[in-house]
Amino acid sequence: MKHSDILEKLKNYMSTIETLDINVLRKLVEEALENYSPEEVIEKSLRPAMEIIGEKFKEGEYFIAELVLAADIFKEIFNTYLKPRIAERGKAKTLGKVIIGTIEGDIHDIGKSIVSVVFQSSGFEVIDLGVDVPAWKFVEEAEKRKADVIAISALLTTTMLNIEKVIAILKEKGIRDKYIVIVGGAPLSEEFARKIGADAYGKDPYDGLKKLKELLAKRHKQ
Ligand code: B12
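Residues numbered from 1 in each chain as written. Predicted model: local features only at pLDDT ≥ 70, side-chain atom pairs only at ≥ 80, totals over all residues. Heavy atoms only, no water.

A. Spatial organisation of the pairing of strand E4 (residues 180-184). Among the five residues of E4, five are classified as buried, and the element is accordingly described as predominantly covered. On E4, burial covers both faces: Ile180, Ile182 and Gly184 on one face and Val181 and Val183 on the other are all buried. As paired strands, strand E3 (residues 149-153) and E4 are joined by five bridges and run parallel to one another. Across the sheet, the residue bridging to valine 149 is isoleucine 180, located in E4. What joins E3 to E4 is helix H7 (residues 163-172), and the crossover it makes is right-handed. In this structure, E4 lies alongside strand E5 (residues 200-202), joined through three bridges in parallel fashion. Counterpart to valine 183 in the pairing with E5 is tyrosine 201. In this fold, the crossover linking E4 to E5 by way of helix H8 (residues 190-196) has right-handed handedness. (Buried < 20%, exposed > 50% of the residue type's maximum accessible area, 1.4 Å probe, protein only. Helix = DSSP H or I, 4+ residues; strand = E, 2+ residues; numbered from the N terminus. Pairing = 2+ DSSP bridges. Right-handed = clockwise from strand over helix to strand, strands pointing away.)

Take a look at the structure:
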């Protein structure tokens, strides 16, 4: 099998929840990791598989039960095979402190948790507030923990609008410039981030990391 075929095979296997056998999936993940980094396995196989599952849900082929099952399987694979590999690269130095969470009304936690692990392994101290986090909580925790960055995730077109509340509270308190606000999640875009006054949008954790490092470097120069 050509190396790249395994990523395609893994994506197709993961996205057909009704016939999925976890032991077969584990073998495919192990095989993929022989040739690809955990980041590639996530971005080129598992995340696209979740998108296909989401489409099947939208079309009425899958129900909430399948989404829950897919999320559980994703988390199991991430925690067993991918998280340890990403985390072991963790550096001792701290580039800054990040407060992260999924915005209020939204309980999607997989993307946010991957961002947490990637940021941590890249030298940031990360405080994960979990899911369904009220806007005021992001601000309160950032102040209390003396954070540098507020990172917010949203997966729903309805809940992404709540992100703006965090920025409004920061402005109201006169502390907007104390923090770099970075946002991400499937329905968001560069344009949306700009419109609500966030500092950056990350299409995935690595894009987010790159932008965060650039913004922090700019700050340190000032
Ligand atoms: C699994 C899933 C669920 C699970 C979540 C379980 C869990 N523990 O997380 C459950 C079953 C709970 C669920 C519930 C619902 N869901 Co849902 N769900 C999904 C699904 C299939 C996958 C999401 C996922 O985990 N993806 C994999 C991860 C790795 O990708 P990701 O989250 O996008 O994150 C990546 C990037 O976006 C980025 N990123 C994410 N956050 C951040 C933050 C920062 C700072 C940065 C830099 C980057 C970043 O990095 C990540 C890694 O690359 C999506 C489909 C999709 N296209 O995403 C639908 C989807 C998001 N859900 C949807 C819907 C409608 C719902 C429900 C409303 C269904 C219902 N009728 O009840 C509820 C809402 C519950 C709520 N209040 O939150 C819709 C949203 C439609 C919309 N336009 O708003 C989608 C798109 C499905 C669809 N096509 O219809 N869901």
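Following the structure, the description resumes.
B. Structural context of the pattern of salt bridges. Tallying each qualifying case throughout the model produces 18 salt bridges. Close ionic contact of glutamate 104 with lysine 165 constitutes a salt bridge, the shortest N to O distance being 2.8 Å. Here lysine 165 lies in helix H7 and glutamate 104 lies in the loop between strand E1 (96-102) and helix H5 (110-121), a separation of 61 residues in the sequence. By relative accessible area, which is 38% here, lysine 165 ends up partly exposed. For lysine 210, the salt bridge identified is with glutamate 214, shortest N-O distance 4.0 Å. Of the two residues, lysine 210 and glutamate 214 are both situated in helix H9 (residues 205-221); the distance of four residues between them amounts to about one turn of the helix. Beyond isolated ion pairs, a larger network of salt bridges with shared partners links Lys137, Glu141, Lys144 and Arg145. (Salt bridge = Lys/Arg side-chain N within 4 Å of Asp/Glu carboxyl O.)

C. Fine view of the site of the ligand. Around the ligand sit 37 residues in total, of which Glu43, Ile107, His108, Asp109 and Ser153 are the nearest. Here an oxygen atom of the ligand and a backbone polar atom of aspartate 109 are 2.8 Å apart. One of the backbone N or O atoms of threonine 157 is found 2.9 Å from an oxygen atom in the ligand. Secondary structure elements with two or more residues in the shell around the ligand: helix H3 (38-58), helix H4 (64-87), H5, E3 and E4. (Near = heavy atom within 4 Å. Polar contact = N/O pair within 3.5 Å; in protein donor to acceptor, adjacent residues only side chain to side chain.)

D. Expanded view of the sheet that holds E1. Read across the sheet, five strands follow the order E2-E1-E3-E4-E5 without closing on themselves; strand pairing throughout is parallel. Each edge of the open sheet is held by one strand with a lone partner, namely strand E2 (124-128) and E5. Averaged over all neighbouring strand pairs, the angle between strand axes comes to 25°, with direction disregarded. Helix-sheet contacts for H7 involve E3 and E4, and the interaxial angle to E3 is about 155°. (Axes fitted to C-alpha atoms, helices over the stretch in contact; angles between N-to-C directions. Contact = heavy atoms within 4.5 Å.)

E. Summary view of the domain arrangement of the protein chain. Segmentation of the protein chain into domains returns domain 1 (3-87) and domain 2 (96-221). One C-alpha centre belongs to domain 1, the other to domain 2; they are set 26 Å apart. The interface of domain 1 with domain 2 comprises twelve residues on the first partner and ten residues on the second. Regarding the contact of domain 1 and domain 2, the summed buried area is about 890 Å², with carbon and sulfur atoms giving 74% of it. Where domain 1 touches domain 2, the interface holds one salt bridge. Note that aspartate 109 and lysine 75 form a salt bridge whose closest N and O atoms lie 3.9 Å from each other. Counting every contact that joins domain 1 to domain 2 gives one residue pair in polar contact (both at pLDDT 80 or more). Where the side of domain 1 that touches domain 2 is concerned, the elements lending two or more residues are H3 and H4. Its residues placed into classes, the side of domain 1 that touches domain 2 shows seven nonpolar, no polar and five charged. (Domains from an automatic or database assignment. Buried area = accessible area lost by both parts, 1.4 Å probe. Nonpolar A, V, L, I, M, F, W, Y, C, P; charged D, E, K, R; others polar.)

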